[in-house]
Amino acid sequence: IIATGGIRTAADTLKALILGANAVGMAGNVLKNLTDGGVKYAVEEITRLKNNLQDFMVLTGCKTISQLKDVPVYYTGEVMAAQQSLGNMRLENK
């Protein structure tokens, strides 16, 4: 599963990976940064995103990207009902 479209931040990346994505694509932000500030600005933004993702991984106790799939996910309300109807096996109901 490759998550693309609407991924703009490290938090978006983290959520996609926790929810099961194997990879995350982020073309829009990168291209905007490239056109607005050039290669140097785009590289700085990618580095900032990578560092923020690493910070989030520390907060979740994960040392590797693959460990993010083991982070507990809690659904409530309409999202919980939708996940239950889909038979999501990772559903945690606490």
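Residues numbered from 1 in each chain as written. Predicted model: local features only at pLDDT ≥ 70, side-chain atom pairs only at ≥ 80, totals over all residues. Heavy atoms only, no water.

A. Summary view of the overall build of the protein. What the protein contains, in helices and strands, is three helices and two strands. Along the chain direction, N to C, the helices and strands of the protein fall in the order β-α-β-α-α. Oriented by its inertia axes, the alpha-carbon framework of the protein measures out at about 45 × 25 × 20 Å. Here the protein holds 94 residues, and the buried ones make up 27% of them. Taking contacts inside the protein between residues at least 6 apart in sequence as the whole, the part at least 24 apart equals 31%. Taken as two groups, the 10 positive and 8 negative side-chain charges of the protein have centres that lie 3 Å from each other. (Helix = DSSP H or I, 4+ residues; strand = E, 2+ residues; numbered from the N terminus. Buried < 20%, exposed > 50% of the residue type's maximum accessible area, 1.4 Å probe, protein only. Contact = heavy atoms within 4.5 Å. Lys, Arg positive; Asp, Glu negative; His and termini not counted. Charge placed at Lys NZ, Arg CZ, Asp CG, Glu CD.)

B. Geometry of the pattern of salt bridges. By the definition in use, this model includes four salt bridges. Note that Asp 12 is salt-bridged to Lys 15, the shortest N-O span being 4.0 Å. With Asp 12 and Lys 15 both in helix α1 (residues 10–18) and three residues apart, the pair spans about one turn of that helix. Between Glu 45 and Arg 48 there is a salt bridge; the shortest N-O distance is 2.2 Å. Of this pair, Glu 45 and Arg 48 both sit in helix α2 (residues 27–60), three residues apart, roughly one helical turn. The class for Glu 45 is buried, based on a relative accessible area of 14%. (Salt bridge = Lys/Arg side-chain N within 4 Å of Asp/Glu carboxyl O.)

C. Representation of the environment of Ala 3 in the model. Along the polypeptide, Ala 3 turns up in strand β1 (residues 2–3). Taking the relative accessible area as the measure of exposure, Ala 3 reaches 16% and is therefore buried. Separated by 34 residues in the primary sequence, Ala 3 and Gly 37 place their C-alpha atoms 26 Å from one another. Those residues in contact with Ala 3 that sit more than four places away from it in its chain are Ala 16, Ala 21, Ala 23, Val 24 and Gly 25.

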